[in-house]
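Observations on the three-dimensional arrangement
In case you want the letters, here they are:
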Amino acid sequence: MTQAQDIPTWGQTFQLKLMAALDAAWKTIEAATDPAVIRAARDRARAIGDLAAMARKVALIVPTPRGKPKSAETAAAGLHAAQGVADVSAMIMASKAAAAPVTAPVAAQAEHTRRALDKLKGGRRGRL
């Protein structure tokens, strides 16, 4: 079984084997006059092409090296920026609260707000 570290070397050796087989098929096509032999050589060349396409797909499945992914650093920076924005918005809300006294909401407004929130959440189905 081929290990993940061996995929590049496997791909190189397999490519050399496929190229040699394709060269042999073309020599057969060039030398033959019988249509059945030419058809068999073309079918062999087509099969070699299919194998080469599959080998390219396998060769692309090279595992990434282990370690801290770069996206984690980006996510940490974004989280830090979001926390800074949250602090600013909390300060703005605190200044608005100090500027104007807030009256208690009327029961009808609270019910309307609760229903709107339920609609946003997807009703009684429990979806967010």
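Residues numbered from 1 in each chain as written. Predicted model: local features only at pLDDT ≥ 70, side-chain atom pairs only at ≥ 80, totals over all residues. Heavy atoms only, no water.

1. Things to note about the overall build of the protein
Secondary structure assignment for the protein yields 4 helices and 0 strands. Order of helices (α) and strands (β) in the protein, N terminus to C terminus: α-α-α-α. Counting every position in the protein, which comprises 128 residues, the buried fraction comes to 9%. For the protein, the computed accessible surface area is about 11100 Å², with 64% contributed by carbon and sulfur atoms. (Helix = DSSP H or I, 4+ residues; strand = E, 2+ residues; numbered from the N terminus. Buried < 20%, exposed > 50% of the residue type's maximum accessible area, 1.4 Å probe, protein only. Areas by Shrake-Rupley, 256 points an atom, 1.4 Å probe, with all protein chains shown as cover.)

2. Focus: the pattern of salt bridges
This model, assessed by the stated rule, comprises 1 salt bridge. Here Arg46 ties to Asp43 by a salt bridge, and the two come within 3.1 Å at their closest N and O atoms. Placement of both Arg46 and Asp43 in helix H2 (residues 35-59) is noted, with a separation of 3 residues, approximately one turn of the helix. (Salt bridge = Lys/Arg side-chain N within 4 Å of Asp/Glu carboxyl O.)

3. Regarding the confidence of the model for the protein
A residue-level look at the protein finds 55% of positions with pLDDT of 70 or above and a mean pLDDT of 75. Confidence scores differ between elements of the protein, with helix H3 (residues 70-99) showing the lowest mean pLDDT of 65 and H2 the highest of 89. (pLDDT = per-residue confidence, 0-100.)

4. With respect to H2
The first and last C-alpha atoms of H2 sit 36 Å apart over 25 residues, in line with the 36 Å expected at 1.5 Å per residue. Taken residue by residue, H2 has Ala41, Ala45, Ile48, Ala52 and Ala55 as its buried positions. (Expected span 1.5 Å × (residues − 1).)

5. Quick word on the environment of Leu22
Residue placement: Leu22 occurs in helix H1 (residues 7-31). A relative accessible area of 29% means that Leu22 is categorised as partly exposed. For the pair formed by Leu22 and Ala45, sequence separation is 23 residues and the distance between their alpha carbons is 5.8 Å. Discounting residues that sit within four places of it in the chain, Leu22 has contacts with Ala45 and Ile48. (Contact = heavy atoms within 4.5 Å.)

6. Considerations on the environment of Ala32
With respect to the helices and strands, the residue Ala32 is situated in the loop between H1 and H2. Not counting residues up to four positions away in its chain, the partners in contact with Ala32 are Val37 and Ile38.

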